Amino acid sequence: DALTGFALADRARDAVRGISLLEQAAAEGVADARAVLSAADSAGDGVGRDPARAAALARQAAEAGSAYGQLLLFGYYREGAGVPRDPAAAIGWLE
């Protein structure tokens, strides 16, 4: 599947292939793939840095039940990265 392919591509340090496989998995509805893409967008790891897209992907992942997405969204709201800084909203994603 796409996530397994991502792991293999990552081991080979093929970032372009890894991001492509994550995009495929995210399009198939894999919440954790959206969370990992969010982290990549936030850091600019293998893609251009895009905090707003990172926050949107984290929200999609979190709303689909991804604990990693919830943790990322907590950090984005706490820091004001891609979303307005909102400590109350940040804490809400950890509850």
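Sequence order as written defines residue numbering, which begins from 1 separately in each chain. Side-chain atom pairs in this predicted model are given and counted only at pLDDT of 80 or more, local residue features only at pLDDT of at least 70, and totals for whole chains, interfaces and linings cover all residues. Side-chain figures throughout are based on the complete set of non-hydrogen atoms in the structure, without hydrogens or water.

Overall, the prediction assigns the protein a mean pLDDT of 87, with 86% of residues at 70 or greater. Per residue, pLDDT measures the predictor's confidence, with a range of 0 to 100. Secondary structure counts use DSSP, requiring at least four H or I residues in a row for a helix and at least two E residues in a row for a strand, with both numbered from the N terminus. For the protein, per-element mean pLDDT is lowest for helix H1 (residues 2–11), which scores 55, and highest for helix H5 (residues 67–79), which scores 97.

A side chain of one charge can pair with a side chain of the opposite charge if their charged atoms are brought near each other. Only one rule defines a salt bridge in this text: a Lys or Arg side-chain nitrogen within 4 Å of an Asp or Glu carboxyl oxygen. By the definition in use, this model includes 4 salt bridges. Among the ionic pairs, arginine 59 bridges to glutamate 63, the shortest N-O distance being 3.5 Å. Placement of both arginine 59 and glutamate 63 in helix H4 (residues 51–63) is noted, with a separation of 4 residues, approximately one turn of the helix. On the basis of relative accessible area, arginine 59 is assigned to the partly exposed category, the value being 30%. Connected through shared salt-bridge partners, Glu23, Asp41 and Arg53 make up one network. Partly exposed residues are those whose accessible area sits between 20% and 50% of the maximum for their type, while under 20% is buried and over 50% is exposed, using a 1.4 Å probe and protein chains only.

Attention now goes to the packing of H4 against H5. Helix axes use the C-alpha atoms of the stretch in contact, all axes being lines fitted to C-alpha atoms, and the angles between their N-to-C directions lie in the range 0 to 180 degrees. Orientation of H4 relative to H5, taken along the N-to-C sense of each, is 140°, at an axis distance of 8 Å. Here H5 runs oblique to H4, going by the angle between their axes. Regarding H4 and H5, the two cross each other, and that crossing is left-handed. Of the residues in H5, those in contact with Ala54, Ala55, Ala58, Arg59, Ala61 and Ala62 of H4 are Gly69, Gln70, Leu72, Leu73, Tyr76 and Tyr77. The cut-offs work like this: below 35 degrees is roughly parallel, past 145 is roughly antiparallel, 65 to 115 is roughly perpendicular, and the gaps in between are oblique. Should the near helix be turned anticlockwise from the far one by less than a right angle, the crossing is termed left-handed; should it be turned clockwise, right-handed. In what follows, residue pairs with any heavy atoms lying within 4.5 Å of each other are defined as contacts.

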